[in-house]
Amino acid sequence: MKKNQDRTFLLFWLSQSISELGSSMTGFALILWAYARTQSAMTVSLLTFFSYLPYVAVSLFAGAFTDRHRKKPILLWTDSIASLCSLTVLALFFTGKFEIWQIYLVNAVTGAMNAFQLPATAVAVGRLVPREQYEKVSGMNSFSKSMITVATPTLAAFASSFFGLAGVLAFDLLTFFFAFSVLLFRIRIPEHRAHREQTERRHLLTDCREGFRFLVSRRGLLSLIFSMAVMNFFSNITYENILPAMILSRSGQNEMTLGVVSGLIGFGGVLGGLIVSFVKLPENKIRLIYFSAAFSFLFGDVLMGLGRTVPVWIVAALAASVPIPFVAAGQNVILYHTVPEEIQGRVFAVRNAVQFGTIPLGTLLGGALADYVFEPFMKSRSPLAVTLQKLVGSGSGSGMAVMFLCTGVLGFLLSVCWYRSRNLKSLREK
């Protein structure tokens, strides 16, 4: 039975990862297509913004919906709607009617589908694997996401250069059909029929409130999720946002340097994911989460801001990315062990809304701070700017480097404070 269970999860994990690679390649190719036509960094930021805004809004109700319905049909339907978006883009591209605003609309629909898919996937994984393998599964998920991060730019650029945007979209559709077929014919996700019949008799808003009430009544979990939201906010101000612009500005527009640094960030995630998958983690998951986060901020963000050469940026990229799978694993284990299985969908959805709700704000704020605050400030002759130039240097990109120092120091201090928080004391042995 255990071997069959392991085989089922591996097939589910592999097929979904391949489909995610196709979707990621499409997203990257659309960024390249949009930027080539507008030469606007704000256009790229808006692509992310329109993906996350509907995701956050819909997440508030998607969790309760997920708990009420079978997980497999939810995954099949959301994948199908997302694939229709890719098919629509392909049709518009061939007819010569494809425009930037249509990408915003497609990203919004895809983001809304993710609001249903992610909690459904989280619950499905919890039912496909035994409790003692949650850490290993979290490591495998981090590994696959990091591999996708590494592979996406290269594969998308290669496919775009040889086959154009249409070729990338075609590959995305092929990966969808593969994952859809595997899920439809080979994967059985256990369901709790009695619980679903009970929840279906209640109002949807009642279930939504239940997810909120569960978190509010458990201050430890709420503090944990809030801290993850702040970390996402900092990350999307700098690492997930202005890093390419800073590296290009400080390396003389050397795209190879950017490729090396970006690749090492993905490799660090792969390495961290492998370690999490095969090494027994400490019992104290709170220490694991916040010590890993503190290390990432202090030696990742700060070193990235201080660095002016490729070797230093490589070390910073690894220092920032290797600890992230440990943060994710610690959080996932705590959630799976703390949240009752019958309400995991709605609680995970509320978690997603709170934890990822800071990403759109961080994305827009990061670009605005770089262009209109920090870069102009570092070109001034104020005493503070002159002092900071001794740390990060001067010239283009120095303002963004100071932003990395700010997120690094603030993130480190907050991680230490969160670890010592009384609210998180109850979660230390989960």
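Cut-off values and rules
Per chain, the residues get numbers from 1 upward, laid out in the order the sequence is written. Two thresholds apply to this predicted model, a pLDDT of at least 70 for residue-level local features and 80 or more for giving and counting side-chain atom pairs, whereas whole-chain, interface and lining totals are computed over all residues. Note: side-chain values were computed over all heavy atoms of the structure, leaving out hydrogens and water. Runs of H or I in DSSP of at least four residues are treated as helices and runs of E of at least two as strands, each being numbered from the N terminus. To estimate how far a helix should extend, the number of its residues minus one is multiplied by 1.5 Å. Throughout this description, buried means an accessible area under 20% of the type-specific maximum (1.4 Å probe, protein chains only), exposed means over 50%, and partly exposed covers the range between. Only Phe, Tyr and Trp rings take part, Trp by its six-membered ring, and two of them pair if their centres are within 6.5 Å. Stacked means planes under 30 degrees apart, edge-to-face means over 60, and tilted covers everything else. Exposure above 30% relative accessible area and the absence of a salt bridge qualify a residue for a patch, where like charges join within 9 Å and nonpolar side chains (Val, Leu, Ile, Met, Phe, Trp, Tyr) within 5 Å. Working definition of accessibility: Shrake-Rupley area with a 1.4 Å probe, residue cover restricted to the visible protein chains. Any Lys or Arg side-chain nitrogen found within 4 Å of a carboxyl oxygen on Asp or Glu counts as a salt bridge. Axis lines are fitted through C-alpha atoms, for helices just across the contact stretch, and the angle between N-to-C directions can take any value from 0 to 180 degrees. Angle categories are assigned with fixed cut-offs, so that under 35 degrees is roughly parallel, over 145 is roughly antiparallel, 65 to 115 is roughly perpendicular, and the rest are oblique. Note on convention: near helix rotated counterclockwise from far helix by under a right angle means a left-handed crossing. Clockwise means right-handed. Contact criterion: two residues are considered in contact whenever any of their non-hydrogen atoms come within 4.5 Å of each other. For this classification, the nonpolar set comprises Ala, Val, Leu, Ile, Met, Phe, Trp, Tyr, Cys and Pro, the charged set comprises Asp, Glu, Lys and Arg, and every other residue, Gly included, is treated as polar. Buried Ala, Val, Leu, Ile, Met, Phe, Trp, Tyr and Cys residues that are joined via side-chain atoms within 4.5 Å together make up what is termed a nonpolar core.

Student: Would you take a moment to explain helix α13 (residues 324-338) for this structure?
Tutor: Count 3.6 residues to each turn of an α-helix, and residues three or four apart come out pointing the same way. Given a rise of 1.5 Å per residue, 15 residues ought to cover 21 Å, and the 21 Å separating the end C-alpha atoms of α13 matches this to within 8%. In terms of burial, α13 is largely enclosed, as 11 of its 15 residues are buried. The complete set of buried residues in α13 reads P325, F326, V327, A329, G330, Q331, V333, I334, L335, Y336 and T338.

Student: Can you walk me through the packing of aromatic side chains in this structure?
Tutor: In this description, an aromatic ring pair is defined by two values, namely the gap between the centres and the angle between the planes. Going through the model one piece at a time under the given rule, you end up with 16 aromatic pairs. Taking the centre distance of 5.2 Å and the plane angle of 80 degrees together, the rings of Y239 and F404 count as edge-to-face. Placement of Y239 in the loop between α8 (219-237) and α9 (243-250) and of F404 in helix α17 (residues 398-419) is noted, with a sequence separation of 165 residues between them. Here the aromatic cluster, defined as three or more aromatic residues joined through ring pairs, consists of F49, F50 and Y104.

Student: For this particular structure, what's the right way to read a nonpolar patch on the surface?
Tutor: Residues V150, F267, L271, L274, I275, F278 and V279 make up a contiguous nonpolar surface patch of roughly 600 Å² in combined accessible area. Looking at which element gives the most residues to the nonpolar patch, the answer is helix α10 (residues 255-278), with 5 residues. Secondary-structure assignment places L271 in helix α10. For L271, a relative accessible area of 36% corresponds to the partly exposed category.

Student: Just checking my understanding: could you explain the packing of helix α5 (residues 134-186) against α13 for this structure?
Tutor: A packed helix pair is summarised by two numbers, namely the angle formed by the two axes and the spacing between the axes. One way to put it is that α5 packs onto α13 with a least axis distance of 9 Å and a crossing angle of 140 degrees. Considering their axes alone, α5 and α13 lie oblique with respect to each other. In this structure, the crossing between α5 and α13 has a hand that is right-handed. Of the residues in α13, those in contact with Y134, E135, S138 and S142 of α5 are P325, A328, A329, N332, V333, Y336 and H337. Across the contact of α5 with α13, the residue classes tally to 6 nonpolar, 4 polar and 1 charged.

Student: In this structure, what is going on with the environment of F98? I would like to understand it.
Tutor: Here F98 is to be found in the loop between α3 (71-95) and α4 (100-128). Excluding its chain neighbours within four sequence positions, the residues that come into contact with F98 are L30, W33, V89, L92, F93, I103 and L165.

Student: Please clarify how the nonpolar core should be interpreted in this entry.
Tutor: A general tendency of soluble globular proteins is for nonpolar side chains to be buried together. By size, the foremost hydrophobic cluster in this structure holds 84 residues, and its most contacted members are F9, L221, L224, M246, Y290 and M304. If you tally residues by element for this core, the top one is α8, at 9 residues. Once residues lying within four places of it in the same chain are set aside, the contact partners of L221 are F214, L215, I334, L335, T338, V339 and L427.

Student: Teacher, can you tell me more about the environment of G330 here?
Tutor: As for its placement among the helices and strands, G330 is situated in helix α13. In this structure the C-alpha to C-alpha distance between G330 and K285, which are 45 residues apart in sequence, comes to 5.0 Å. If we skip the residues at most four places from it in the chain, G330 touches K285, L288 and I289.

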